[in-house]
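Working through the structure, step by step
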Amino acid sequence: MEKQKNTKCILRKLKRNMELSEDFLGNITNKFENILAVIPNDLRKIVVFPTNAESGLYCKIRISKDSKLDESFFTALRERLAKFQLKTLYTTGVCYSKQECYWEGVFEYYKEFPLQKFKRSLENIGSAKDITLDVLKIIE
């Protein structure tokens, strides 16, 4: 029986000029050129995704009052994401109260992507109130 490999994890003091060990980065840098880090508003975690994309797309959909992150929203959203063939890196949906819900996602993004057409498609989701799209550029 083949021995299962453990998940690689490190614990380091947080420093501004921090380097990660070659053992930790080796598997990533052999397959990917870039990483995309997501730091949610609650600051309780940092999620890092390896990618070969040169940029990313951040998307936030605020949900109209009296609507929820329900199956009809997610069905409509899945249809639109599938149509545009976005590679999903991160998604989350949060309802703070009956008055405030939002969904956000981060995707690999390429120059040829029809950004305005995608935004119009999201605006056609019945419960979508406001759409924010930001193209994320590589920071060297």
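Our structure's up above, just so we're on the same page.
These lines cover the structure that appears in this document, whether it is placed above or below.

Scoring rules and cut-offs
- Residues numbered from 1 in each chain as written.
- Predicted model: local features only at pLDDT ≥ 70, side-chain atom pairs only at ≥ 80, totals over all residues.
- Heavy atoms only, no water.
- Phe/Tyr/Trp six-rings, centres within 6.5 Å; stacked < 30°, edge-to-face > 60°.
- Buried < 20%, exposed > 50% of the residue type's maximum accessible area, 1.4 Å probe, protein only.
- Core = buried A, V, L, I, M, F, W, Y, C linked by side-chain atoms within 4.5 Å.
- Helix = DSSP H or I, 4+ residues; strand = E, 2+ residues; numbered from the N terminus.
- Contact = heavy atoms within 4.5 Å.
- Axes fitted to C-alpha atoms, helices over the stretch in contact; angles between N-to-C directions.
- Parallel < 35°, antiparallel > 145°, perpendicular 65-115°, else oblique.
- Left-handed = near helix turned anticlockwise from the far one by under 90°.
- Nonpolar A, V, L, I, M, F, W, Y, C, P; charged D, E, K, R; others polar.

A few points about the packing of aromatic side chains
Applying the stated criterion across every chain, the model contains seven aromatic pairs. A centroid spacing of 6.3 Å and a plane angle of 35 degrees characterise the contact between Trp103 and Phe107, whose relative ring orientation is tilted. For Trp103, a relative accessible area of 3% gives the class buried. When the ring of Phe113 is compared with that of Phe118, the centres are 5.4 Å apart and the planes differ by 65 degrees; the resulting orientation is edge-to-face.

Regarding the nonpolar core
Core analysis: the biggest nonpolar cluster contains 23 residues, and Ile61, Phe118 and Leu122 have the highest contact counts within it. Among the elements of the structure, strand 3 (55–63), helix 2 (71–84), strand 5 (100–109), helix 3 (115–123) and strand 6 (128–137) are those that each provide at least two residues to this core. Looking at which element gives the most residues to this core, the answer is helix 2, with five residues. In this view, Ile61 contacts Phe73, Leu77, Cys101, Tyr102, Trp103, Leu122, Ala128, Asp130 and Ile131; residues no more than four positions away in its chain are not counted. Core analysis: the second largest hydrophobic core is formed by seven residues, Leu36, Val38, Phe49 and Val106 among them.

Here's the deal with the packing of helix 2 against helix 3
Between helix 2 and helix 3, the shortest axis-to-axis distance is 10 Å and the interhelical angle comes to 165 degrees. Compared by their axis directions, helix 2 and helix 3 come out roughly antiparallel. With respect to the hand of their crossing, helix 2 and helix 3 are arranged in right-handed fashion. Where helix 2 approaches helix 3, its residues Leu77, Arg80, Leu81 and Phe84 are matched on the opposing element by Lys117, Phe118, Ser121 and Leu122. Tallied by class, residues from the contact of helix 2 with helix 3 come to five nonpolar, one polar and two charged.

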